[in-house]
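Examination of the molecular architecture
Next come the chains, spelled out residue by residue.
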Amino acid sequence: MTIEDIELSDVYEFMERGKLSQAPEYIVVYLELLDKIRGMHLRIDQFGSKDAIVKHLILVDKLSRYHASKVYDEAMEYFYCDNRISKQAWRNIYADKMDKMIHFAMQVVKDATDAQKVVRMQKDAAELRGVNEPDKDTLPDELFRAPFVVYAADAEFLGLPKVDRNKLGAMIDLLPELSEKEKIQIKREAQVLPLKLFPDEQEDPRKS
């Protein structure tokens with residue numbers, strides 16, 4: 001397998017299932033080429049543009065123009081972001097260039113005016129990286145947990161006032177629209193009478 005047969009997706013696929021220390025030779029060679037391109041990209045004095053790097057890859061590494069341009073893009077993506085030269089990758093690329101200019105400017109500061117310019121440059125680099133943007137809100141873990149539910153028939157257990165079951169039973173007896181079986185069943189469910197989980201069919205008003 002040659003360099004021109006490899007894509008960045010092959011590297012990501014290998015990293016998901018293997019260790020870099022056990023990478024096959026073609027993966028190692030490809031990563032070394034990406035690192036070489038990144039180094040050339042950082043040497044502005046010798047390689048000031050993508051075109052200059054692509055020409056070097058064509059002449060020295062014997063790549064076609066198509067593959068030289070493609071591997072340059074993949075090197076920028078590999079070292080600066082996750083998607084093929086996305087906006088975030090470009091932000092990081094330009095911010096890195098600004099960092100180098102800031103470092104140079106700091107070496108030649110002569111007065112307060114120069115210092116203010118350096119500060120503005122640093123601010124611009126920070127804004128380019130999105131440092132001033134608020135972090136994205138994340139939902140708390142509590143929202144994804146199953147709710148904790150307590151079932152209780154005892155009002156006191158829930159902190160409610162104690163029920164006078166004798167008065168409650170008397171109130172149920174005063175409901176003329178209920179049959180005697182219905183009154184007994186309601187009293188059992190309200191714990192006025194002992195609860196029967198499995199009443200006889202003759203006692204269950206729902207089945208009569």
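The paragraphs below set out a description of the structure included in this document. (Residues numbered from 1 in each chain as written. Predicted model: local features only at pLDDT ≥ 70, side-chain atom pairs only at ≥ 80, totals over all residues. Heavy atoms only, no water.)

Brief notes about the packing of helix α1 (residues 8–17) against helix α4 (residues 65–80)
- Here α1 crosses α4 at 35°, and the two axes come no closer than 10 Å. Note on element contacts: α4 touches α1 through E74, E77 and Y78, opposite L8, V11, Y12 and M15.
- Of the residues contributing to the contact of α1 with α4, the split by class is five nonpolar, no polar and two charged. (Axes fitted to C-alpha atoms, helices over the stretch in contact; angles between N-to-C directions. Helix = DSSP H or I, 4+ residues; strand = E, 2+ residues; numbered from the N terminus. Contact = heavy atoms within 4.5 Å. Nonpolar A, V, L, I, M, F, W, Y, C, P; charged D, E, K, R; others polar.)

Overview of the nonpolar core
- Core analysis: the largest hydrophobic core is formed by 25 residues, its most contacted members being Y30, L34, I37, I53, L57, V71 and M76.
- Counting only elements with at least two residues in this core, the list comes to α1, α2 (25–42), α3 (50–60), α4 and α5 (87–107).
- With seven residues, the single largest contributor to this core is α2.
- With residues near it in sequence (within four places) discarded, L34 still touches L8, V71, E74, A75, Y78 and F79. (Core = buried A, V, L, I, M, F, W, Y, C linked by side-chain atoms within 4.5 Å. Buried < 20%, exposed > 50% of the residue type's maximum accessible area, 1.4 Å probe, protein only.)

Here we look at α3
- Buried within α3 we find I53, V54 and L57. Buried residues of α3 fall within an arc of 100° about the axis and therefore sit on the same side.
- Looking at the packing, one finds that the buried side of α3 touches α2 and α4. (Arc of directions from axis to C-beta.)

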